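Here's the letter readout for the chains.
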Amino acid sequence: MRVAFVAEVTAQLESTGATRRLRRTAELLAGRGHDAVVLCSQWWDGDHATFEQDDVTYRAVTTEPPEEGPSRRFAMALPGALRRAKPDVVHAAAVPKHVLAAKTASALVRAPLVVDWYDAPRAETAEANARGLRMAARAADEIVAPSETVKTRVRELGASGDDVRVVPNGIDVDAIREAQVVEGADVVYSRRLDEDANLESLLLALAELRDRDWNAVVIGDGPERDGYERQTRDLRIDDRVEFTGSQPVEKRIPVFKGAHVYVQTARREAFPTDLLRALACGCSGVVEYHVDSSAHELVENEDRTFRTTSEQELTEALVAAADLEPLAVNEAFADYDHQRVLERYLDCYRDVRDSFGLF
């Protein structure tokens with residue numbers, strides 16, 4: 001199968017949850033023997049129009065990265081690029097201008113359009129671009145969302161529920177099984193420390209437990225890090241909370257395997273991949289519920305996890321989680337392995353081509 005991915009901005013230009021997901025999907029497809037072509041803004045050096053990396057072909061639709069938001073130039077050049085790519089399926093990131101351009105081109109090349117809608121739009125974004133978002137939600141032949149939370153938001157934009165399926169992010173289960181254990185952290189938190197991180201909920205709960213024996217590790221960096229480090233000093237727990245900064249996945253996993261509790265308190269999360277990794281590593285999970293976070297979906301039916309809605313509940317959950325038997329690997333999450341998640345994408349592509357009348 002030949003899949004053309006449409007993403008003006010790729011993970012090589014800007015690493016976000018959405019761009020990493022698209023890159024991972026393309027590479028998994030290529031690794032399985034399918035043709036994966038990414039139509040994008042050029043991110044590599046030189047004057048050659050294509051670049052191959054990890055068996056994925058990147059093809060420049062425009063030569064300059066967008067400076068402020070999606071570029072009109074990319075949308076205008078996209079139909080011609082898709083005709084040249086001759087895909088069986090078009091897989092587009094949820095950028096309204098580009099989705100609509102891809103829809104026009106997909107009809108010309110007789111290939112169905114799948115839109116990977118990773119992030120639910122913020123209220124202010126949705127209001128400012130309501131018409132474009134609604135048109136994009138209705139244009140797709142199929143929409144893929146990482147969680148039920150995002151699926152609900154997309155349906156609120158007008159997408160038919162029958163045309164939206166949930167495909168979660170995947171994890172490398174074999175890497176988790178084989179990873180070494182790094183001891184030292186009783187409690188671990190990992191995420192970009194931005195305005196949605198809400199790390200203060202965890203820090204306040206830990207401060208309530210300062211008379212107990214614990215150590216915590218915070219993995220991640222971002223604009224709010226200095227403020228959080230200052231808060232640990234104000235709460236007099238700075239000697240027990242270590243900020244490590246950003247760490248690659250291969251270094252995070254051993255820390256998760258050595259930790260007892262993983263805590264997720266972020267206000268917004270399309271899909272909490274590190275929470276999933278930590279649960280697979282045997283951590284007990286404590287999730288603070290927020291309406292714009294899908295983290296609660298991973299723990300709804302798990303015995304070794306807790307959902308909280310207040311600071312007091314979070315504190316009590318940390319105590320209860322500490323009493324659970326430690327594990328090195330939790331095989332209950334093996335269904336999230338990359339290869340099994342890839343099968344869900346392939347099922348989506350086959351189904352949408354079948355409904356498109358191409359088989």
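Above this text is the structure in question.
If you're wondering where the values come from, they're calculated on a predicted model, not measured in any experiment.

(A) Here's a closer look at the packing of aromatic side chains. On inspection of all chains with the given rule, the structure shows 7 aromatic pairs. Taking 5.3 Å as the distance between ring centres and 85 degrees as the angle between the ring planes, the aromatic pair formed by Trp43 and Tyr58 counts as edge-to-face. Of the two residues, Trp43 sits in the loop between β2 (35-41) and β3 (50-53) while Tyr58 sits in strand β4 (residues 56-62), which places them 15 residues apart along the sequence. Among the residues examined, Tyr58 registers a relative accessible area of 2% and is labelled buried. One aromatic cluster is present, built from ring pairs that chain together Trp43, Trp44, Phe51 and Tyr58.

(B) Quick look at helix α6 (residues 148-156). Along α6, the residues that are buried comprise Thr149, Val150, Lys151, Arg153 and Val154. Each element contacted by the buried residues of α6 is listed here: α5 (130-139), β7 (142-145), β8 (164-166), β15 (292-293) and α12 (295-299). Gly158 lies just past α6 and shows a positive phi near 115 degrees.

(C) Region of the structure containing the sheet that holds β2. Spatially, 8 strands are ordered β3-β4-β2-β1-β5-β6-β7-β8 in an open sheet, and the strand pairing comes out mixed. Two strands bound the open sheet, and with one partner strand each, they are β3 and β8. Adjacent strand axes in the sheet meet at a mean angle of 25 degrees, parallel and antiparallel pairs treated alike. With 3 bridges joining them, β7 and β8 adopt parallel strand pairing. Residue pairing for β8: Val144 is matched across the bridge by Arg165. Along the sheet, helix α14 (residues 338-355) makes contact with β1 (2-6), β5 (89-93), β6 (113-116), β7 and β8, crossing β8 at roughly 160 degrees.

About the thresholds
- Residues numbered from 1 in each chain as written.
- Predicted model: local features only at pLDDT ≥ 70, side-chain atom pairs only at ≥ 80, totals over all residues.
- Heavy atoms only, no water.
- Phe/Tyr/Trp six-rings, centres within 6.5 Å; stacked < 30°, edge-to-face > 60°.
- Helix = DSSP H or I, 4+ residues; strand = E, 2+ residues; numbered from the N terminus.
- Buried < 20%, exposed > 50% of the residue type's maximum accessible area, 1.4 Å probe, protein only.
- Contact = heavy atoms within 4.5 Å.
- Pairing = 2+ DSSP bridges.
- Axes fitted to C-alpha atoms, helices over the stretch in contact; angles between N-to-C directions.

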